[in-house]
Structures are given as C-alpha cells and as structure tokens.
Amino acid sequence: MKKGLLVITIVVFLMSNLSFTVYGEENNQAAPDSENLAENAKSAILMERDTGKVIFNKNEHEQLSPASMTKIMTLLLIMEAIDEGKLKLDETIRVSERAASMGGSQIFLEAGEEMSVNDLLKGVAVASGNDASVALAERIAGSEKSFVKRMNEKAKELNLKNTKFQNATGLPAEDHYSTAYDMSVMAKELLKYETITNYTSIYEDYLRKGEDNEFWLVNTNRLVKFYPGVDGLKTGYTNDAKYCLTATAEKEDMRVIAVVMGAGSTKDRNADVTQMLDYAFNHFQTNKLFEKGDKITELNMLKAENNHLDVVASESISTLHKKGESMDKVTTEIKLHEDYTLPISKGDSIGELLVKNEGKIISRSDLTVEEDVEKASYLTLFKRTLQRMAKNE
C-alpha cells in the first residue's frame, strides 16, 4: 500500500512571450465575453482537454438524459479492455439474440452473426449502433447488466456525482442520467486512448463490404465533416433528452471538449458547439509540456523483477492561457508513492505530476509505467544481495 510521497520538483522554463494565465483548480469561471454561448441548450460546458480547465459552463451540473452520449462511457470501457489486452481488435464476436434485438440506432446485426471487434467498434463510434454496443458489452462483462455495473463503478472512480446508467446504449430508461460536466470528464478520460479518434473521426464507411447485407455507416456527428479539427465524439437524441452532442476538436496542439444537452434541433445543437469551439480557439492557446508516454523520471524498485523503471506521463500535459498574455515561469512537481504493493500492472498510477503557476496547482496528471512490474523472484533477490556484498568488499 502507499505509505508516503516522494516529491521531486522540476522548473520548466517556457518559451519567452507565449502564455500564461491559467484557470486554477478552484477557478473554473467562464471568461467575461462568453455569456452568449450555448443559448439553445439547457446545459453546456467547454473544457480544454489536457488541463481539464473549464472555459465556459452553463447549468453544467443539471441532471439530464444523455441519450446516446451514454456510449462515451461504453467506449471508454471498450478502449480500456483493448489497452489491457483483454479484448483484441481482430477478435470475432458472435452476436447474441439480445444484442440483435436492440432498437433505435443500429447496424442491423443478426443473431448468430459474427463480426470483428474492429467493425463493432466502428458501429458504435460512427453509427451509434445499440446492437453493436450490447454485443461488445456482453463480450467484456458477460452481460449488459454486468457491464452497466462496471459503467457505474467507473463513474464513481472518476468522481462523477451526477451520473447513473441503466444501460450501455442510452435508450430511454428511468433513473438514467448525467450532466454536461460529467460527460466532459468522461470524454477527457476516453481521449487518453488516442486511437479512439481513428474511429470517431470517420464520416462514412461500410460494414460487410461487398456482401448482400452491406451496411453504409454515416457519422451522426456531422461536424466531423464540416468543422476543421473535429474528430469526435458522440451525439445523442431521444424525445426526452432532445439533441445532445459531446464534441472534441484539435487545433495547433490544443484539444477542447464541448458538450451541449437539451438543444431543440440538430441545427441548434451544431450551432452551439460551433460557437463554443470558435470561442476556445479564438481566445485561448496551450503550451505542451509532455506528450502521453514521455519519460518523466526513473524509479528503482529493489523488490521488483525489473528494478529499473521509466515513469511516464499517462496523458498529454499542457498549460492553458489566454492569447496575448505574457509567459511566466512554470514548475512541475513529481509526487511518487514511496511504497508499492507488487505486482503493478501497466497503466496503474504510481504517482502524479503537478503543474504549478506561482506555487498554485493548475493541473494534476497521473504518472504510470508502460509495462507490468512483477515481484522479484527469490533467485533475483539472492543475486542482488550477492552483487551488493561484492560492491562493499
């Protein structure tokens, strides 16, 4: 178990005259000239992905039906399973009768049909297929019910206090709700798996190409085609939820997440998101500190089989500032847990990187290892003891 913290401070001198006023952890207020954003939506939020800083918000904690934006959590658990090696893209899944029976948006799977994880993932990400979502949920957790339990456990892990799921699809269900803020946090977490945008950015494609039951996929998020830089993430619509969208776009190394819920039409929804993205890119910029996977420091663990470990960034790490503001000196502080319980799995948090401005924390990011860390065998420990004794002679 973790018993303490090892603290390392690094001073990062950023380039001379770019940046830098950052919205602190407790200062997520919208900028003064943003009050006219998201006029058509019941709730909305605009977040910079790397820092998690909120640039604009409107009723962001109001509990509403997320409709098919629910699939952001579904996709997150799918990508986690792929990253952990529990699910492979070229694996073939046999579709159950229950998965094939899903109504609403679907890719028209048939009971007993076999389809690769890669194609099912396209079906979820591009066409919002309820049948594809349930097929993958059943493969990962055994049943949709068990998968939904994992969805809610993940929501708690992310400290999402206003989210509760009843299914993996977003089909209408009592006591199934989320908020614009919670959706943005889920989107931020999903975007740690950078390959997800290889799917959510597809505008059109085909499943079962050349077969009698060929299916044309068209992205339900039209901004993927019509707004430069948009490469995801998920739309939603039901009579209760109205028109919803969690969108993400990247420009000049800055990635933002925009969420609108409860818009009256597709046109209103897309207009609100477009204005929010314009506002972000026109008024803010980021300075990249580390890419995902960059080596941050090293760690020696005497009781590990491989005792020399690279500690890496679990995600892209940046600072956010308004355009035209002067750059200040930024410090990053590494906090590594002093004691660990072995083994440690790839992706587990072994500490965090704090980014500070004038001593105030402006963002936190987990630090991790890129490979499994096993407990050293008795033979390995014996060899190390002999080596230390030889050095001391």
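Residues numbered from 1 in each chain as written. Predicted model: local features only at pLDDT ≥ 70, side-chain atom pairs only at ≥ 80, totals over all residues. Heavy atoms only, no water.

By the naming in an unreviewed UniProt entry, the protein chain is serine-type D-Ala-D-Ala carboxypeptidase, taken from Virgibacillus kapii. Per its UniProt entry, the protein chain bears the Catalytic activity (unreviewed entry) comment "Preferential cleavage: (Ac)2-L-Lys-D-Ala-|-D-Ala. Also transpeptidation of peptidyl-alanyl moieties that are N-acyl substituents of D-alanine." (UniProt positions renumbered as here; feature names shortened; annotations may be inferred.)

*Asks:* Tell me about the environment of Val260, and please be specific about residues and values.
*Replies:* In this fold, Val260 is placed in strand β10 (residues 254-263). The spacing of Val260 and Ser184 is 76 residues in sequence and 9.9 Å in space, taken between C-alpha atoms. Val260 has contacts with Ala41, Ser43, Ala44, Met69, Tyr243, Cys244, Leu245, Arg269, Asp272, Val273 and Met276, leaving out every residue within four places of it along the chain. (Helix = DSSP H or I, 4+ residues; strand = E, 2+ residues; numbered from the N terminus. Contact = heavy atoms within 4.5 Å.)

*Asks:* Any details on helix α9 (residues 266-283)? Residues and values, ideally.
*Replies:* Its 18 residues give α9 an end-to-end C-alpha distance of 26 Å, which sits within 8% of 26 Å, the value for a rise of 1.5 Å per residue. Turning to α9, its buried residues are Arg269, Asn270, Asp272, Val273, Met276, Leu277, Tyr279, Ala280 and Phe281. (Expected span 1.5 Å × (residues − 1). Buried < 20%, exposed > 50% of the residue type's maximum accessible area, 1.4 Å probe, protein only.)

*Asks:* I'd love a proper account of helix α3 (residues 117-125), names of residues and values included.
*Replies:* Most of α3 is tucked away, with seven of its nine residues classed as buried. Restricting attention to buried positions, one finds in α3 the residues Val117, Leu120, Leu121, Lys122, Gly123, Val124 and Ala125.

*Asks:* I'd like a description of the nonpolar core, backed by residues and values.
*Replies:* In a soluble, globular protein the nonpolar side chains are often hidden away together inside. Formed by 65 residues in total, the largest nonpolar core has its most connected members in Ile107 and Leu120. Tallying contributions element by element places helix α1 (residues 71-83) first for this core, with eight residues. Those residues in contact with Leu120, other than ones at most four positions away along the chain, are Ile93, Ile107, Leu109, Met115, Ala132, Ala135 and Leu136. (Core = buried A, V, L, I, M, F, W, Y, C linked by side-chain atoms within 4.5 Å.)

*Asks:* Give a detailed account of the packing of α1 against helix α4 (residues 130-141), specifying residues and quantitative values.
*Replies:* Geometrically, a packed helix pair is captured by the angle between its two axes and the distance between the axes. Packing of α1 against α4 leaves a shortest axis separation of 11 Å and a crossing angle of 40°. Overall, the two elements α1 and α4 adopt an arrangement that is oblique. Viewed along their axes, α1 and α4 form a crossing whose handedness is left-handed. Taken together, the residues of α4 that come into contact with α1 (itself represented by Lys71, Thr74, Leu77, Ile78 and Ala81) are Asn130, Ser133, Leu136 and Ile140. Class assignment of the residues belonging to the contact of α1 with α4 gives a composition of five nonpolar, three polar and one charged. (Axes fitted to C-alpha atoms, helices over the stretch in contact; angles between N-to-C directions. Parallel < 35°, antiparallel > 145°, perpendicular 65-115°, else oblique. Left-handed = near helix turned anticlockwise from the far one by under 90°. Nonpolar A, V, L, I, M, F, W, Y, C, P; charged D, E, K, R; others polar.)

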